[in-house]
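# Understanding the architecture of this molecule
Residue strings, one per chain:
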Amino acid sequence: KLRIDGPAGRSLESAAVLNGGFASRGPRLLLPLRAACVLYADYPAGTTPVEGRTAGGRASFREATDAVSVRVVADDRQGPVAACRVLVGEQEDEILASDYAIDALGVEVKRHGEGLWRFAGEDLVRPSVAPEIW
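Quantities reported herein were computed from a predicted structural model and do not represent experimental measurements. (Residues numbered from 1 in each chain as written. Predicted model: local features only at pLDDT ≥ 70, side-chain atom pairs only at ≥ 80, totals over all residues. Heavy atoms only, no water.)

## Remarks on the pattern of salt bridges
- The final tally for this structure, using the stated rule, is nine salt bridges.
- Between R118 and E108 there is a salt bridge; the shortest N-O distance is 2.7 Å. With R118 in strand β11 (residues 116–119) and E108 in strand β10 (residues 107–111), this residue pair connects regions lying 10 residues apart in the sequence.
- When the shortest N-O distance is used, the salt bridge between E122 and R126 registers 2.8 Å. For the residue pair E122 and R126, the accessibility class agrees, reading buried in each case.
- Linked through salt bridges whose partners overlap, the residues forming this network are D76, R77, E122 and R126. (Salt bridge = Lys/Arg side-chain N within 4 Å of Asp/Glu carboxyl O. Helix = DSSP H or I, 4+ residues; strand = E, 2+ residues; numbered from the N terminus. Buried < 20%, exposed > 50% of the residue type's maximum accessible area, 1.4 Å probe, protein only.)

## So, the packing of aromatic side chains
- Tallied over the entire structure, the rule returns one aromatic pair.
- Aromatic side chains W117 and F119 sit 5.0 Å apart centroid to centroid with 80° between the ring planes, which places their arrangement in the edge-to-face category. Pair check on accessibility: W117 and F119 agree, each one buried. (Phe/Tyr/Trp six-rings, centres within 6.5 Å; stacked < 30°, edge-to-face > 60°.)

Here it is in structure tokens:
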């Protein structure tokens, strides 16, 4: 589960998909429109249109001007805070964390299919939380 702190003191907690195939030039989160509207009261103000490639081909997104603060929240601890740039996918229904975001959040995926992960440097392997559809 991620805690995302956005501008003007707005925040949300949600399950997210750690997507190593989401290649980016730095830590990025892809937010569904509904999640973006929780963080940005005046969406789409403060965003610019961008194009990207996905597994399904070319896609249009909106990129937020300001980074958000993100951390993994587990039952017994929290991970390091990472600054992530935000892309909004108006057709998306889950939050995705990019390859660089996964690293910045201090997470190591142990078993992709089973959804097992751990915080970097710890031995405790943790199960994923249930998916959250926006």
